[in-house]
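Structural overview
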Amino acid sequence: MSGSQLMGAYIDGSDLDLLCVLPDKLTFYHFYDKNEDSLNSFLKKKLHGIISINWIPGKVKIMRIEHQHIEVDLLPVFIPEKFLLLKHLQLVDDELIRLVTNESSIYALAGYRSGKYQLSLVPSRKKFTALLRAVKIWATNRLIYAGIFGYFNGATLSVMTAKICTLFPHAPLSYLLYQFFSIYSKWNWAHGASVMLDTVTPITLNQFVRKWPPVFGASPMNKRLSAICTTKLRSAVYGLLD
């Protein structure tokens, strides 16, 4: 489980993000193909109440399933088979991420690892969850919660919220909410100042995937509001324009 469900900050309309961990000898064709052996065909036959199943290509490959008016994003993650034989599989294992070769799988794991890392940083998970829900509802009500259109998404708001919680570890929720809007309304977004939960070390995402760190063009249309969460071996980057 990943996304808002992992963070405990789901709101009305939130989709369900699930990681589907598979051996790396399989491919995306086994996952979403029209032949009878694919997961796509199996779900259509066995799962009643499915409204639609769509394959969404991109940096992170997603099978989007609408089942009884619940939207599920299924993210395939291909890992070495030896890890699947372990009694307790740890997706945050550094050795595992070193051996994953599929770029989409690396990005899919980044969201999960980043979420777990953020939860380990915040002094109070209860306050973090409540604050994140509040700002997500605020953004939704003002029609600025849609990452696909260049607005806030759950990942950016999560990192921004975790930053506030770590800056004021003993503050009540009302003060955290005040500081969220006070600090970010004055943040130097125009000059590319990122919200960071940790320093970026030489061991970053560029060892695993291409085009990291991102290069922002001179055009105002290319400027991004970014929030960065780094872990020991991974950096998960979330931009409003992905």
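In this numbering scheme, every chain counts its residues from 1 along its sequence in written order. Selection of residues for local features in this predicted model requires a pLDDT of at least 70, selection of side-chain atom pairs for listing and counting requires 80 or more, and totals for whole chains, interfaces and linings are taken over all residues. Excluding hydrogens and water, the side-chain values take into account all heavy atoms of the structure.

- Per an unreviewed UniProt entry, the chain goes by polynucleotide adenylyltransferase and derives from Globodera pallida.
- You can read under Sequence similarities (unreviewed entry) in the UniProt record for the chain the words "Belongs to the poly(A) polymerase family."
- Entered under Catalytic activity (unreviewed entry) in the UniProt record, the comment concerning the chain runs "RNA(n) + ATP = RNA(n)-3'-adenine ribonucleotide + diphosphate". UniProt positions are given in the numbering used here, feature names are shortened, and annotations may be inferred rather than shown by experiment.

What about the sheet that holds strand S4 (residues 70–79)?
- One requirement defines pairing of two strands: DSSP has to find at least two bridges between them. To qualify as a helix, a DSSP run of H or I must reach at least 4 residues; to qualify as a strand, a run of E must reach at least 2; elements of each kind are numbered from the N terminus. The 4 strands lie next to each other as S1-S4-S3-S2, forming an open sheet whose pairing is mixed. Strand pairing shows two members of the sheet lacking a second neighbour, strand S1 (16–23) and strand S2 (50–56), which therefore form its edges. Averaged over neighbouring strand pairs, the angle between their axes works out to 25° when direction is ignored.
- The pairing of S2 with strand S3 (residues 62–67) spans 6 bridges and is classified as antiparallel. Looking across to S3, one finds that Ile56 is bridged to Ile62. Structural elements are reduced to axes, namely lines fitted to C-alpha atoms, with helices fitted over the stretch in contact, and the angle between N-to-C directions of any two is expressed from 0 to 180 degrees.

Some details on empty space enclosed by the protein
- Cavity means a closed set of points on a 1 Å grid over the protein atoms alone, one where a 1.4 Å probe fits but cannot get out, pocket means an open set with protein on both sides within 12 Å along at least 5 of 7 lines, and lining means a residue has an atom within 4 Å of a point. Grid points are joined across faces, edges and corners, and a volume is the space filled by probe spheres set on the points. As enumerated under the stated definition, the model contains 1 cavity of 30 Å³ or more in all.
- The volume enclosed by the largest cavity comes to roughly 40 Å³.
- What lines the largest cavity is simply Pro123, Ser124, Lys127, Cys165, Phe168, Pro169, Ala171 and Leu176.
- When the residues that make up the lining of the largest cavity are grouped by side-chain class, the tally is 6 nonpolar, 1 polar and 1 charged. Gly is put with the polar residues, along with every residue not named as nonpolar or charged; the nonpolar set is Ala, Val, Leu, Ile, Met, Phe, Trp, Tyr, Cys and Pro, and the charged set is Asp, Glu, Lys and Arg.

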